[in-house]
Amino acid sequence: MSLLKEEERKRDIRKDRVKSLAMGEAIKYSVGATAAIGAATVLATLKSKNFSRFASISAKMSFPVMAGLGTFAYKYEMVQYNALTYPERWGLEEYVEKGTITNIPIHHRTMNFL
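Just so it is clear, the model here is predicted, and its values are computed rather than measured.

(A) Main features of a nonpolar patch on the surface. Taken together, the side chains of Met23, Ile27 and Val31 present a nonpolar region at the surface, about 250 Å² in accessible area. Locating Met23 in the fold gives a position in helix α1 (residues 2-47).

What follows is the structure, encoded as structure tokens:
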């Protein structure tokens, strides 16, 4: 029973480490995207009369907000997927389990692929 709890604890530690890594990368990229799109929006408002006349204040505010949210969601999912699929690329070698990847017969794997 304690062996089962130990494996469960290791799995939870790995999940927490991957979530923390994904969160950090997502925040870093989303802040950059928000700043870049915010600066571009301010520049367009100051330099383009058509942009400042036809774009409402809510549209001008939504550009950086949506860019940050979209970048955060995309980067979080991609980092989490890549960290779980390729842990050695993200420095998570200690969480890789050695052994058989799958014991599914080849004809089942082929049908799953198709």
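Let's pick the thread back up.
(B) Local environment of the packing of aromatic side chains. Under the defined criterion, the tally for this structure stands at two aromatic pairs. Ring geometry for Phe72 and Tyr76: centres 6.1 Å apart, planes at 20°, overall stacked. With Phe72 and Tyr76 both in helix α3 (residues 57-85) and four residues apart, this pair spans about one turn of that helix. Judged by its relative accessible area of 27%, Phe72 is partly exposed. The ring of Tyr29 has Lys75 sitting right over it, with the charged end atom 4.3 Å from the ring centre.

(C) Inspection of the side chain of Glu25 at higher detail. Relative to the helices and strands, Glu25 resides in helix α1. Judged by relative accessible area, Glu25 falls into the buried class, the value being 17%. Polar side-chain contacts of Glu25 include one of 3.2 Å to the side chain of Lys28.

(D) Looking closely at the pattern of salt bridges. This model, assessed by the stated rule, comprises two salt bridges. Among the salt bridges present, the one from Glu6 reaches Arg9, with a minimum N-O distance of 2.8 Å. Residue Glu6 and its partner Arg9 are both found in helix α1; the two are separated by three residues, about one turn of the helix. Classification of Glu6 by relative accessible area gives partly exposed; the value is 30%. By relative accessible area, Arg9 is classed as partly exposed at 44%.

Reading the values: rules and limits
- Residues numbered from 1 in each chain as written.
- Predicted model: local features only at pLDDT ≥ 70, side-chain atom pairs only at ≥ 80, totals over all residues.
- Heavy atoms only, no water.
- Patch = residues over 30% accessible without salt bridge, like charges linked within 9 Å, V, L, I, M, F, W, Y side chains within 5 Å.
- Areas by Shrake-Rupley, 256 points an atom, 1.4 Å probe, with all protein chains shown as cover.
- Salt bridge = Lys/Arg side-chain N within 4 Å of Asp/Glu carboxyl O.
- Helix = DSSP H or I, 4+ residues; strand = E, 2+ residues; numbered from the N terminus.
- Phe/Tyr/Trp six-rings, centres within 6.5 Å; stacked < 30°, edge-to-face > 60°.
- Buried < 20%, exposed > 50% of the residue type's maximum accessible area, 1.4 Å probe, protein only.
- Lys NZ or Arg CZ within 6 Å of the ring centre and 35° of its normal.
- Polar contact = N/O pair within 3.5 Å; in protein donor to acceptor, adjacent residues only side chain to side chain.

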